[in-house]
Amino acid sequence: YTLQIRDRHNGNILLDRAGNLIHFDFGFMLSNSPGYVGFESAPFKLTADYLDLLEGMGSERWLQLKDLLTQGLLALRKHSDQLISLLEALLPNSSLPCFYAGEAAMLNFKERLHLSLTDQQIDVLIDRLMTTSALNVFTRLYDNYQYYTNGIL
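Residues numbered from 1 in each chain as written. Predicted model: local features only at pLDDT ≥ 70, side-chain atom pairs only at ≥ 80, totals over all residues. Heavy atoms only, no water.

K.L.:
Pulling in residues and values, what's your account of the nonpolar core?
P.N.:
Ranked by size, the top nonpolar core spans 14 residues in total, and within it Leu-46, Leu-51, Trp-62 and Ile-126 carry the most contacts. Secondary structure elements with two or more residues in this core: helix H1 (48-53), helix H2 (60-78) and helix H5 (119-133). Sort the elements by how many residues they give to this core and H5 lands first, with five residues. Filtering out sequence-adjacent residues up to four positions away, Leu-51 remains in contact with Leu-46, Gly-56, Met-57, Trp-62, Ala-134 and Leu-135. Formed by eight residues, the second largest nonpolar core is a distinct cluster that contains Ile-84, Cys-98, Phe-99 and Phe-109. (Core = buried A, V, L, I, M, F, W, Y, C linked by side-chain atoms within 4.5 Å. Buried < 20%, exposed > 50% of the residue type's maximum accessible area, 1.4 Å probe, protein only. Helix = DSSP H or I, 4+ residues; strand = E, 2+ residues; numbered from the N terminus. Contact = heavy atoms within 4.5 Å.)

K.L.:
Any chance you could break down unusual backbone geometry for me, citing the residues and the numbers?
P.N.:
Phi is positive for Glu-55, close to 65°, though the residue is something other than glycine. Tracing the backbone through its elements, the reader meets Glu-55 in the loop between H1 and H2. A positive phi is found at His-114, a non-glycine position, where the angle reads about 50°. Relative to the helices and strands, His-114 is located in the loop between helix H4 (103-113) and H5. Owing to a relative accessible area of 17%, His-114 belongs among the buried residues under this scheme.

K.L.:
Help me get a handle on the pattern of salt bridges, residues and values and all.
P.N.:
Enumeration according to the criterion identifies four salt bridges in this entry. Residue Glu-88 is joined to Lys-110 by a salt bridge in which the shortest nitrogen-to-oxygen separation is 3.2 Å. Of this pair, Glu-88 sits in helix H3 (residues 80-90) while Lys-110 sits in helix H4, and the two are 22 residues apart along the sequence. The exposure class of Glu-88 is partly exposed, given its relative accessible area of 35%. On the basis of relative accessibility, which here comes to 27%, the residue Lys-110 falls in the partly exposed class. (Salt bridge = Lys/Arg side-chain N within 4 Å of Asp/Glu carboxyl O.)

K.L.:
Quick rundown of the packing of H3 against H4? Include the residues and the values.
P.N.:
One can describe the packing of H3 onto H4 by two numbers: an axis separation of 11 Å at closest approach and a directional angle of 165°. The angle between H3 and H4 falls in the class roughly antiparallel. Two packed elements cross with a definite hand, and for H3 against H4 that hand is right-handed. Contacts from Ser-80, Leu-83, Ile-84, Leu-87 and Glu-88 of H3 reach H4 at Met-106, Phe-109, Lys-110 and Leu-113. Of the residues contributing to the contact of H3 with H4, the split by class is six nonpolar, one polar and two charged. (Axes fitted to C-alpha atoms, helices over the stretch in contact; angles between N-to-C directions. Parallel < 35°, antiparallel > 145°, perpendicular 65-115°, else oblique. Left-handed = near helix turned anticlockwise from the far one by under 90°. Nonpolar A, V, L, I, M, F, W, Y, C, P; charged D, E, K, R; others polar.)

Any link to function would need more than the numbers given here.
What follows is the structure, given as C-alpha cells:
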C-alpha cells in the first residue's frame, strides 16, 4: 500500500514452500501504473481468493491480517524521516519510471504514511483500507483483463 506496487496479477505472484506470497515484479510502483491509466484503484490487492484463505471478512485470520498491516504501517511511520530522505535523494536525478510524476510521487508517498493520524486512527484507517480492497471491482476487472489477454489466472 505505502509503495503503491502495481501490476498485481497472479502472474507476478509466487507462493513458496512455506506458503509465503512473493510479489516479484516491481516495475510499477510509487506513481506509475501499467498503461499509465491508474486502473488498479484498490489500496492493495485483496481478491476473493485471498478472502477465502483468510476465511472471510471479520474472521480471526482477517483480524490477524489487520493487526499485521497496522503494525507494519506504524513501524514505517517510526522510520518515516529515513524513508522520505532516501526517496528524496533518488528523485532529482532518477530515470526510474516510478519517479516520472516528480514531486507528486513524494507527496503521495508522504500522504500514505498518514503522519498526522494517531495510532488509534491508523487502526480505523487500516480497517477502511482492507474493506475497500476486499473484492474491489477494479481488481476483478484487471484480473479478468490479465486472464483474457495473457492467460494469467
